[in-house]
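# Descriptive structure summary
Listed below, chain by chain, are the residues.
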Amino acid sequence: TELVSHSPGWTLFTNLYFSNGTFFIVSDKDAVGGDYWPERRFITSTGLPGYHDNSAQREPTKKEMDVITSKQAEEIWGDRVFDVQGFSVLANDPKQFLQHYYHVAAEILLGIERVCTNLDPMPGPDGTVSAPSPERIIFLNTDEDGFTDYPGLDKFYLYAQWPHITPLYQPSWEAMASLMAQSRKAFRFPAALFIDRSAAFRGKYTEWTSRTPAGPWAAGGGDFGTGGVGRNQFWYESARRRVLSFVGVSQDVQNIALRAMDPPLAPPRSDGLQDKYQVTYISRQRTGRRLNDEDHWRLVNALRQMCQRHHWKFVFMLAEELTRDEQMRIAAETTVWVAVHGNGLTHMLLQPPHPRSAVIEIFHPPGFARDYEWTAGILGHNYYTIHNDTFYTTPNLAEQQYPEWLYGKDIPVQPEVVVGVIQQQLLGEI
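Predicted model only: the values in this text are computed from it and were never measured. (Residues numbered from 1 in each chain as written. Predicted model: local features only at pLDDT ≥ 70, side-chain atom pairs only at ≥ 80, totals over all residues. Heavy atoms only, no water.)

Counting buried residues in strand β14 (residues 382-387) gives 5 out of 6 residues, a clear majority hidden from the surface. As defined by bridge partners, strand β13 (residues 358-362) adjoins β14 across 5 bridges and the pair is classed as parallel. Pairing of isoleucine 360 across the sheet is with tyrosine 384, part of β14. Viewed along the sheet, the connection from β13 through helix α13 (residues 371-379) into β14 turns out right-handed. In textbook terms, the turn of a hairpin is the stretch between consecutive antiparallel strands, and for β14 and strand β15 (residues 390-393) this stretch comprises 2 residues, one of which, asparagine 388, has a positive phi near 55°. (Buried < 20%, exposed > 50% of the residue type's maximum accessible area, 1.4 Å probe, protein only. Helix = DSSP H or I, 4+ residues; strand = E, 2+ residues; numbered from the N terminus. Pairing = 2+ DSSP bridges. Right-handed = clockwise from strand over helix to strand, strands pointing away.)

What follows is the structure in structure tokens.
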């Protein structure tokens, strides 16, 4: 076994083995926690859900992962080693967050993309990248229902990002594993990315940010908020374009980012149109977390009038009335998102990289969570929090806190504050 790359919770191996319910590293270098192999707890866990009171139960033992020498492997398995060919992702995450679009698309799938693109020293602005692509993803701890969110975006985004991928769920994995139970034979994964949420939270980057891909982000040379600098300008562009192609977005629209970020490389639009700034407001008025109705309609009218005044495009987005393809096609042209904190902001993954791109997230004051702020930062989008009549942006963020009314039905907002932020973002000095 060789270690290709590692950050807590994201370990890329060649020749990882599985036998009798245990993953094995076959190595003559040292044990886990030595000079070569990371500590076991930074690679894996018992796969239990993460709660504040069960950290001890999530600590892994040799039963979850062990190191044996090549001589020991030869003595136990001989030539009874069978390859699971290709590049596999082994997802040891619990079911806990797998029915949530943000945690799947913007943590697990984004993290896989980051690990892979970290192998390319300079991803291209047109989406060209020299990086491996997984043939399968095996969910070790959940059945298919556990990977099914209500809007159906989890599976949709998985296949859109990698149309060739084969997902396997816990029942299929257990059937595979049973073939190696109480036997002297093993499966070998020639290339395997082992991911584990609990292991990620034991690392300093996820501890600081609460975002599981923070380790791979840092490993690729990304300080926080540097999504638009150097090799990190276009690291996600290949994934963004693959998803947009899947939902039928034209090259003209996909190249909005290229025309904004690297004009000499960008072909002119074949339709003769000019790119326009687009402000997209995601309405949550039919959900449990929403603006008070009066402020909602005042905001909609103010945004519409602002866009008419400046000849920008305004989109009022009711996700529940749109297909998944339609939602993602809107994202492909969005310059600025405006929304109450919620899952719809995950669509920023498909927002064109742009010197003026931004995400404006509305909270019930004083509540604030960093989910979308961190994601915007690593994608190169500017970020603003709105607390009624006050806005915050990096580096002076609101204090992270989760009051009971964070998820209320009467969130206040002053439209003139949102309009002022957008006008400064789209018209002010860069």
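So, on to helix α12 (residues 324-331). Note on helix geometry: an α-helix contains 3.6 residues per turn, so any two residues three or four positions apart are oriented the same way. Three or more residues of α12 are buried, namely Gln327, Met328, Ile330 and Ala331. Buried residues of α12, seen end-on, are gathered within an arc of 155° and therefore sit on one face of the element. (Arc of directions from axis to C-beta.)

Another aspect to go through is the pattern of salt bridges. Taken as a whole and assessed by the stated rule, the structure comprises 19 salt bridges. Ionic pairing is found between arginine 41 and glutamate 59, a salt bridge with its closest N-O pair at 2.7 Å. Of this pair, arginine 41 sits in the loop between β3 (22-26) and β4 (65-68) while glutamate 59 sits in the loop between β3 and β4; the two residues are 18 residues apart in sequence, bridging distant segments of the chain. Since its relative accessible area comes to 28%, glutamate 59 is described here as partly exposed. Here glutamate 113 ties to arginine 242 by a salt bridge, and the two come within 2.8 Å at their closest N and O atoms. With glutamate 113 in helix α2 (residues 101-117) and arginine 242 in helix α8 (residues 237-246), the pair connects residues that are 129 residues apart, well separated along the chain. In this structure glutamate 113 comes out as buried when scored by relative accessible area, which is 4%. (Salt bridge = Lys/Arg side-chain N within 4 Å of Asp/Glu carboxyl O.)

On to the domain arrangement of the protein. Taken as a whole, the protein is organised into domain 1 (2-229) and domain 2 (248-427). Put simply, the middle of domain 1 and the middle of domain 2, counted by C-alpha atoms, are 32 Å apart. Roughly 2,100 Å² is buried in total at the junction of domain 1 and domain 2, and carbon and sulfur atoms are behind 70% of that figure. Where domain 1 packs against domain 2, one counts 1 salt bridge. The salt bridge partner of arginine 211 is aspartate 371, with a shortest N-O separation of 3.7 Å. Linking domain 1 with domain 2 are 7 residue pairs in polar contact (both at pLDDT 80 or more). At the level of elements, α2, α3 (153-161), α6 (204-209) and α7 (214-219) are the ones that each hand at least two residues to the side of domain 1 that touches domain 2. Ranked by residue count, the leading element in the side of domain 1 that touches domain 2 is α2, at 5 residues. Class assignment of the residues belonging to the side of domain 1 that touches domain 2 gives a composition of 15 nonpolar, 7 polar and 2 charged. (Domains from an automatic or database assignment. Buried area = accessible area lost by both parts, 1.4 Å probe. Polar contact = N/O pair within 3.5 Å; in protein donor to acceptor, adjacent residues only side chain to side chain. Nonpolar A, V, L, I, M, F, W, Y, C, P; charged D, E, K, R; others polar.)

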